[in-house]
Amino acid sequence: IGPEFGLLGFAFHPDFPADPRVYIDYNPPAPPMTAIHTVISEFTLDPTDPNHVDPASERVILELHQPATNHNGGMLEFDSEGFLLIGMGDGGQGGDAFNTGRDPSKMLAKILRIGVEPDGSDDNPTACMGCPQYGPFDYTIPPTNPFVGDPTFTPEVYIWGVRNPWRFSIDPATDLLYVADVGQNQWEEIDVAAPGDDLGWSDMEGFHCYGGTPCDTTAGPHEVNADGITMPLVEYGHTNSRCSVTGGSVYRSCEVPAWDGVYFYSDFCTGEVFALSWDGATVTDLGVVLDQNELPLGNGWNAYGDVFITTVDAILGGPIFDGKVYRIAPGA
């Protein structure tokens with residue numbers, strides 16, 4: 001249906017491979033437009049073929065209606081407590097057309113946090129009325145979620161006020177959550193987000209007020225402004241054909257000790273790779289560290305702390321082909 005559809009996110013169970021379950025975020029083909037939806041599913045490896053999942057093992061954990069074909073988020077990652085973080089965009093079109101960014105009762109425009117172990121209950125039975133596989137959705141609400149007990153928030157919400165958190169990652173050394181939130185027409189941003197943080201969309205885009213909405217622009221990087229919004233670490237504008245941030249990961253490999261703690265990220269339209277470091281008080285923007293012609297779609301890391309970037313050759317708005325995986329490493 002669109003370039004933001006299909007398989008958008010993948011995560012291994014925290015105890016994999018002893019626990020042979022994997023989790024995916026995808027948008028199945030489901031015309032007409034009113035039936036567009038995001039599915040979070042669990043699969044189990046085929047016991048006769050450990051290189052593939054058993055298609056018949058799918059357990060749908062959650063479905064959400066999507067009012068448009070873009071801003072579907074898609075990132076999945078388990079945190080250090082074993083709970084699943086899910087990136088959800090604002091529902092698409094543009095300018096927060098469906099008013100989800102400032103609505104705490106909606107799951108869109110949020111990073112959600114759930115427990116994947118079934119407990120026999122039907123959680124959130126109205127999440128996706130009209131979805132083809134509608135309910136029951138069996139997951140748990142972590143008791144440490146920041147808005148548990150607050151009737152104005154749906155309890156799955158972990159971070160709110162995001163536009164399209166296409167890729168985020170947790171630093172394994174500090175447990176900090178780095179969020180790359182795709183901007184509207186002017187500003188892309190990188191945030192470090194704590195449970196309950198409001199990242200500002202759609203009152204703000206980066207450090208700037210959006211759409212004429214009054215806001216406080218006096219706060220510095222990672223400070224909370226007078227409106228209760230947590231500011232980004234850095235932003236960059238849509239100059240030199242830049243258009244959409246692709247989040248990355250924090251480098252923790254021993255190969256280059258000087259890179260320890262550096263967060264790498266990129267821009268989808270230019271292929272540039274940027275870097276920054278954050279010591280908890282000061283952000284150091286290292287700017288462009290690599291300029292290449294392939295378009296970065298995603299991020300990854302391994303147990304050694306190496307950072308990986310996935311890329312494609314693509315025609316913007318058209319076909320995507322020839323995907324590759326690169327490891328960030330010293331140049332020759």
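Residues numbered from 1 in each chain as written. Predicted model: local features only at pLDDT ≥ 70, side-chain atom pairs only at ≥ 80, totals over all residues. Heavy atoms only, no water.

### Regarding the layout of surface pockets
Part 1 of the argument: Estimates place the volume of the largest pocket at around 1,100 Å³.
Part 2 of the argument: Lining the largest pocket we find 37 residues, and of these F10, A11, M75, L76 and W301 sit closest to its centre.
Part 3 of the argument: Counted by class, the lining of the largest pocket contains 22 nonpolar, nine polar and six charged residues. (1 Å grid on protein atoms, 1.4 Å probe; cavity = no way out; pocket = protein on both sides within 12 Å on 5 of 7 lines; lining within 4 Å. Points joined across faces, edges and corners; volume = space filled by probe spheres on them. Nonpolar A, V, L, I, M, F, W, Y, C, P; charged D, E, K, R; others polar.)

### Some details on empty space enclosed by the protein
Part 1 of the argument: Under the criterion given, the structure shown has one cavity of 30 Å³ or more.
Part 2 of the argument: Of the pockets and cavities examined, the largest cavity occupies roughly 50 Å³.
Part 3 of the argument: In this structure, the largest cavity is lined by R163, D181, V182, G183, W187, E189, W201, M204, E205 and G206.
Part 4 of the argument: Within the residue set of the lining of the largest cavity, elements represented by two or more residues are strand 12 (187–193) and strand 13 (204–205). (Helix = DSSP H or I, 4+ residues; strand = E, 2+ residues; numbered from the N terminus.)

### Topic: the state of the cysteines
Part 1 of the argument: What the rule picks out here adds up to two disulfides.
Part 2 of the argument: In this model C209 forms its disulfide with C215; the gap between the sulfur atoms is 1.9 Å. Negative torsions about the S-S bond denote left-handed disulfides, and the value of about -105° found for C209 with C215 makes this one left-handed.
Part 3 of the argument: On the accessibility criterion, C209 (34% relative accessible area) is partly exposed.
Part 4 of the argument: Residue C243 pairs covalently with C269 via a disulfide, S to S 1.7 Å. In this structure, the disulfide formed by C243 and C269 twists by about 75° around the S-S bond and is classed as right-handed. (Disulfide = S-S within 2.5 Å. Buried < 20%, exposed > 50% of the residue type's maximum accessible area, 1.4 Å probe, protein only.)

### Thoughts on the nonpolar core
Part 1 of the argument: Membership of the largest hydrophobic core comes to 28 residues, with the highest contact counts inside it found for I61, L62, L76, L84, I86, L112 and Y139.
Part 2 of the argument: Of all elements in the fold, only strand 2 (21–27), strand 3 (37–46), strand 5 (59–65), strand 6 (76–78), strand 7 (84–88), strand 8 (110–114) and strand 9 (157–160) reach the threshold of two or more residues within this core.
Part 3 of the argument: Look past the residues within four positions of L76 in its chain and what remains in contact with it is G9, F10, A11, Y23, I24, D25, I40, L84, L85 and I86.
Part 4 of the argument: Counting 17 residues, the second-largest nonpolar core is a separate cluster that includes A180, I190, V192 and L276. (Core = buried A, V, L, I, M, F, W, Y, C linked by side-chain atoms within 4.5 Å. Contact = heavy atoms within 4.5 Å.)

### Structural notes on the sheet that holds strand 18 (residues 272–278)
Part 1 of the argument: One open sheet accounts for four strands, arranged 16-17-18-19; its pairing is antiparallel. Looking at strand neighbours, the two that pair on one side only are strand 16 (245–250) and strand 19 (283–291), the edges of this open sheet. When the angles between neighbouring strand axes are averaged without regard to direction, this sheet yields 25°.
Part 2 of the argument: Across seven bridges, the pairing between strand 18 and strand 19 is antiparallel. Its bridge partner lying in strand 19, A275 is registered against G287. (Pairing = 2+ DSSP bridges. Axes fitted to C-alpha atoms, helices over the stretch in contact; angles between N-to-C directions.)

### Examining the sheet that holds strand 9
Part 1 of the argument: Sheet architecture is open: four strands sit in the order 6-7-8-9, paired in antiparallel fashion. The sheet is open, and its two borders are formed by strand 6 and strand 9, each paired with just one other strand. Sheet twist, expressed as the average angle between the axes of neighbouring strands with direction ignored, equals 20°.
Part 2 of the argument: Pairing between strand 8 and strand 9: three bridges, direction antiparallel. The residue of strand 9 that forms the bridge with K110 is W160.

### Quick word on unusual backbone geometry
Part 1 of the argument: Note that the residue after F16, namely P17, is joined by a cis bond; omega there is 5°.
Part 2 of the argument: Along the chain, the position of P17 falls in the loop between strand 1 (6–12) and strand 2.
Part 3 of the argument: With an omega dihedral of 10°, the bond running from W201 to S202 counts as a cis peptide bond.
Part 4 of the argument: The backbone of Q93 sits at a positive phi, close to 60°, despite the residue not being glycine.
Part 5 of the argument: Turning to its location among the elements, Q93 is positioned in the loop between strand 7 and strand 8.
Part 6 of the argument: With a phi angle near 70°, D175 is a residue other than glycine that sits in the positive phi range.

Keep in mind these values describe shape, not function.
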